[in-house]
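Architecture and fold: a report
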Amino acid sequence: MNDWFAHESACIDAGVSIGNGTKIWHFCHVLSGSRIGNNCTVGQNVVIGPDVSIGDGCKIQNNVSVYKGVTLEDDVFCGPSMVFTNVFNPRAHIRRMDEARPTLVKRGATLGANCTIVCGVTVGSYAFVGAGAVVTRDVPAHALVFGNPARRHGWVCQCGEKLDKTLRCAACGRHYQKDGTDNGLTELPA
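Residues numbered from 1 in each chain as written. Predicted model: local features only at pLDDT ≥ 70, side-chain atom pairs only at ≥ 80, totals over all residues. Heavy atoms only, no water.

Focus on the sheet that holds strand E14 (residues 83-84)
Ordered in space as E14-E17-E20, the three strands form an open sheet in which the pairing is parallel. Edge positions in the open sheet fall to E14 and strand E20 (134-135), since each of these has one partner strand only. Of the pairings in the sheet, the one linking E14 to strand E17 (residues 116-117) comprises two bridges and is parallel in character. Opposite Phe84, over in E17, you have Ile117 as the bridge partner. (Pairing = 2+ DSSP bridges. Helix = DSSP H or I, 4+ residues; strand = E, 2+ residues; numbered from the N terminus.)

Next up, the structure:
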């Protein structure tokens, strides 16, 4: 007996690992070699894999394809109909799957509805990619990015709220500092 749920319309290939408490909804396909962590929610019409790694606590909303080469760390949110790519310069008449570029989405990041993540980038921990953004380069930890191409328009807290100019969160009280390398923010001790 499984400690996870898949709707009867979902197709789960052999050689897949699915964690306890995970729910996979209507018309999904999880391809072989993929790993989905504990307590994830996979919305309707999602395709995962092959050979994809998804951490614990992730929420993947409807109509998302998580292609080979994409890694989602724990607690990543993928908004409805957001897009990952896996080949930088595809052509229908040229096979380039051996040129797939890996994409890493770090712990706690949010990828808004209808955003596009171009392959080969890293989205930093707790970064927030706004709806409809097109991410063409790495996103620092805690950065708030939106637009086409996506640019930084501020910083966000681990709780998801925008930080003030002193890098303090009015909602939860956390305080941050720049890490000095433009890799984002680090939390200061309470």
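Considering the state of the cysteines
A covalent bond between the sulfur atoms of two cysteines is referred to as a disulfide. The tally for this structure, following the rule as stated, stands at zero disulfides. The cysteine Cys157 is free of any disulfide, with Cys172 supplying the nearest cysteine sulfur at 3.4 Å. Judged by its relative accessible area of 1%, Cys157 falls in the buried class. With no disulfide of its own, Cys169 lies closest to Cys159 among cysteine sulfurs, the gap being 3.6 Å. (Disulfide = S-S within 2.5 Å. Buried < 20%, exposed > 50% of the residue type's maximum accessible area, 1.4 Å probe, protein only.)

Side note on the environment of Asp74
By the secondary structure assignment, Asp74 is in the loop between strand E12 (70-72) and strand E13 (77-78). Considering only alpha carbons, one finds Asp74 and Ala109, 35 residues apart in sequence, at a separation of 8.9 Å. In contact with Asp74, other than residues within four places in its own chain, are Gly55, Asp56, Cys58, Arg107 and Gly108. One polar contact links the side chain of Asp74 to the main-chain amide nitrogen of Asp56, over a distance of 2.8 Å. (Contact = heavy atoms within 4.5 Å. Polar contact = N/O pair within 3.5 Å; in protein donor to acceptor, adjacent residues only side chain to side chain.)

With respect to the pairing of strand E21 (residues 143-146)
Both faces of the sheet carry side chains from a regular strand, because those side chains alternate between them. Judged from the two bridges that link them, strand E19 (residues 128-129) and E21 form a sheet pairing that is parallel. Bridge pairing links Val129 to Val145 in E21. For E21 and strand E22 (residues 151-155), the ladder comprises three bridges, and the chain directions are antiparallel. Bridge pairing in E22 links Ala143 to Trp155. Turn length for the E21-E22 hairpin, with the two strands adjacent in sequence and antiparallel, is four residues, and the turn residue Gly147 shows positive phi of about 105 degrees.

Structural notes on the environment of Gln177
With respect to the element layout, Gln177 can be found in strand E23 (residues 176-178). Measuring from C-alpha to C-alpha, the distance between Gln177 and Arg95 comes to 45 Å, with 82 residues separating the pair along the chain. The residues contacting Gln177, other than those within four sequence positions of it, are Leu167, Gly184, Leu185, Thr186 and Leu188.

Some remarks on the sheet that holds strand E6 (residues 35-36)
Reading across the sheet, the six strands line up as E3-E6-E9-E12-E15-E18 and stay open at both edges, with parallel pairing between neighbours. Looking at the sheet topology across the chains shown, the edges are occupied by strand E3 (17-18) and strand E18 (122-123). The pairing of E6 with strand E9 (residues 53-54) spans two bridges and is classified as parallel. Among the inter-strand pairings, Arg35 is bridged to a residue of E9, identified as Ser53.

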